[in-house]
Amino acid sequence: MTAPNAKRPRFKRILLKLSGEALMGDGKYGISPKTLQQIAGEVKEVIELGVEVGIVIGGGNIFRGVSASTEGMDRASADYMGMLATVMNSLALQDSLEKLGVFTRVQSAIDMQQLAEPYIRRRAVRHLEKGRVVIFAAGTGNPYFTTDTAASLRAMEIHAEVILKATKVDGIYRADPMKDPTATRYKNLTYLDVLKKNLKVMDSTAISLCMDNELPIIVFDLHGNGNIMKVVMGEDVGTLVGTLKRQEQPEA
């Protein structure tokens, strides 16, 4: 039970965007059970605070449609294969969450009844209201759209307050920090800054959707200990794109 004077979460409902590569851990491909357990443990801590969590996962650890299309595969076919990879990742994360006692539903944009529920917006919102984690699989269900775009779309459909974009670095930098050690990190950016500077945070379609609907994005390091909780509690972690709405003061 939360103490009366305990700090409250900054957000009530969030959309967590995970890249498929984030699930690899130290490996070169596939899924790291240790990394899954870490993510599931942090999500459980957030759920226990009463925060409602939706999740979108990429599939780049298994199959990347854009890369395959550049090597001669039809882009639509390659993207559908990438969507199936996101379903595999979603089922793996669901398993890890449920082993920790967190009720989880996978909703797929592509109909596959034996594995997941079909994506139905009102059902997804009802799951969230009941304290279940909802993992949105198979992107938007359409080729030529990334899972970043799917995350933006689902976040708006479920009325999430923010997209938490988990990456391998602790925010957005002026240059690739892996290649340029002197690159400095941005603390705040506008959506137009991201588009004009061509910063590789999310694709331009996803950024434009967020800009049109004033949906803020926080980019942070997934592998920092407890970072998901820190962001949810409003600590200064990562880079903010857009503007957070003013937090309502609790009643006296």
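Use the structure listed above.
Residues numbered from 1 in each chain as written. Predicted model: local features only at pLDDT ≥ 70, side-chain atom pairs only at ≥ 80, totals over all residues. Heavy atoms only, no water.

Trainee: Can you lay out the overall build of the protein for me, pointing to particular residues and giving the numbers?
Mentor: When helices and strands are counted, the protein shows eight helices and nine strands. A compact globule built from 252 residues would reach a C-alpha radius of gyration of about 18 Å, and the protein, at 17 Å, matches this within 12%. Its C-alpha atoms give the protein principal-axis dimensions of about 65 × 50 × 35 Å. Expressed as a percentage of the 252 residues in the protein, the buried residues total 50%. Relative to all contacts within the protein whose residues are 6 or more apart in sequence, the contacts with residues 24 or more apart total 72%. Charge separation in the protein, taken as the distance between the mean sites of 32 positive and 29 negative side-chain charges, equals 2 Å. (Helix = DSSP H or I, 4+ residues; strand = E, 2+ residues; numbered from the N terminus. Rg over C-alpha atoms; globule rule 2.2 N^0.38 Å. Buried < 20%, exposed > 50% of the residue type's maximum accessible area, 1.4 Å probe, protein only. Contact = heavy atoms within 4.5 Å. Lys, Arg positive; Asp, Glu negative; His and termini not counted. Charge placed at Lys NZ, Arg CZ, Asp CG, Glu CD.)

Trainee: Describe the pairing of strand β8 (residues 217–221), with residues and values.
Mentor: Moving residue by residue along a regular strand, the side chains alternate between the two faces of the sheet. The buried count for β8 comes to five of five residues, which makes it a mostly enclosed element. Side chains of β8 alternate between two faces, with I217, V219 and D221 and I218 and F220 buried alike.

Trainee: Residue-level account of unusual backbone geometry, with values.
Mentor: Phi is positive for A138, close to 70 degrees, though the residue is something other than glycine. Note that A138 resides in the loop between β5 (133–137) and α5 (147–157). Of note, the phi angle at E214 is positive, near 50 degrees, even though the residue is not glycine. One can find E214 in the loop between α7 (204–212) and β8.

Trainee: I'd like a rundown of the environment of S96, residues and numbers included.
Mentor: Structurally, the position occupied by S96 is in helix α3 (residues 75–99). Residue class for S96 comes out buried when judged on its relative accessible area of 12%. For S96, the contacting residues outside a window of four places in its chain are L36, Q37 and A40.

Trainee: Got a sec to walk through the environment of I62? Specific residues and values, please.
Mentor: By secondary structure assignment, the location of I62 is in the loop between β2 (52–57) and α2 (65–70). Through-space distance from the C-alpha of I62 to that of T147 is 14 Å; in sequence the pair is 85 residues apart. Excluding anything up to four places from it in sequence, I62 contacts A85, M88 and N89.

Trainee: Describe the pattern of salt bridges, and please don't skip the residues or the numbers.
Mentor: Per the counting criterion, the structure on display carries nine salt bridges. A salt bridge links E117 to R105, with the nearest nitrogen and oxygen atoms 3.8 Å apart. Pair noted here: E117 is in strand β4 (residues 117–118) and R105 is in strand β3 (residues 104–108), with a separation of twelve residues, a long-range link. As a salt-bridge pair, R154 and E157 come within 2.8 Å of each other at their nearest N and O atoms. Of the two residues, R154 and E157 both sit in helix α5, three residues apart, roughly one turn of that helix. Classification of R154 as buried rests on a relative accessible area of 5%. Residue E157 is classed as partly exposed on the basis of its relative accessible area, which comes to 23%. (Salt bridge = Lys/Arg side-chain N within 4 Å of Asp/Glu carboxyl O.)

Trainee: How would you sum up α7? Please name residues and give values.
Mentor: A206, I207 and C210 are the residues of α7 that are buried. Down the axis of α7, the sector holding all buried residues measures 95 degrees, keeping them to one side. Structurally, α7 contributes buried residues whose contacts are with α5, β6 (162–167), α6 (191–196) and β8. Looking one or two places after α7, you find E214, whose phi comes out positive at around 50 degrees. (Arc of directions from axis to C-beta.)

Trainee: Requested: an account of the sheet that holds strand β7 (residues 188–189), with residues and values cited.
Mentor: In spatial order, the strands read β4-β3-β5-β2-β1-β6-β8-β9-β7; together these nine strands make up an open sheet with mixed pairing. In the strand order of this sheet, the two ends are held by β4 and β7, each with one partner. In this structure, strand β1 (residues 13–18) lies alongside β2, joined through six bridges in parallel fashion. Across the sheet, I14 pairs through a bridge with V53, a residue of β2. Relative to the sheet, α3 contacts β1, β2, β3 and β5, its axis offset from that of β5 by approximately 165 degrees. (Pairing = 2+ DSSP bridges. Axes fitted to C-alpha atoms, helices over the stretch in contact; angles between N-to-C directions.)

Structural measurements only, silent on function.
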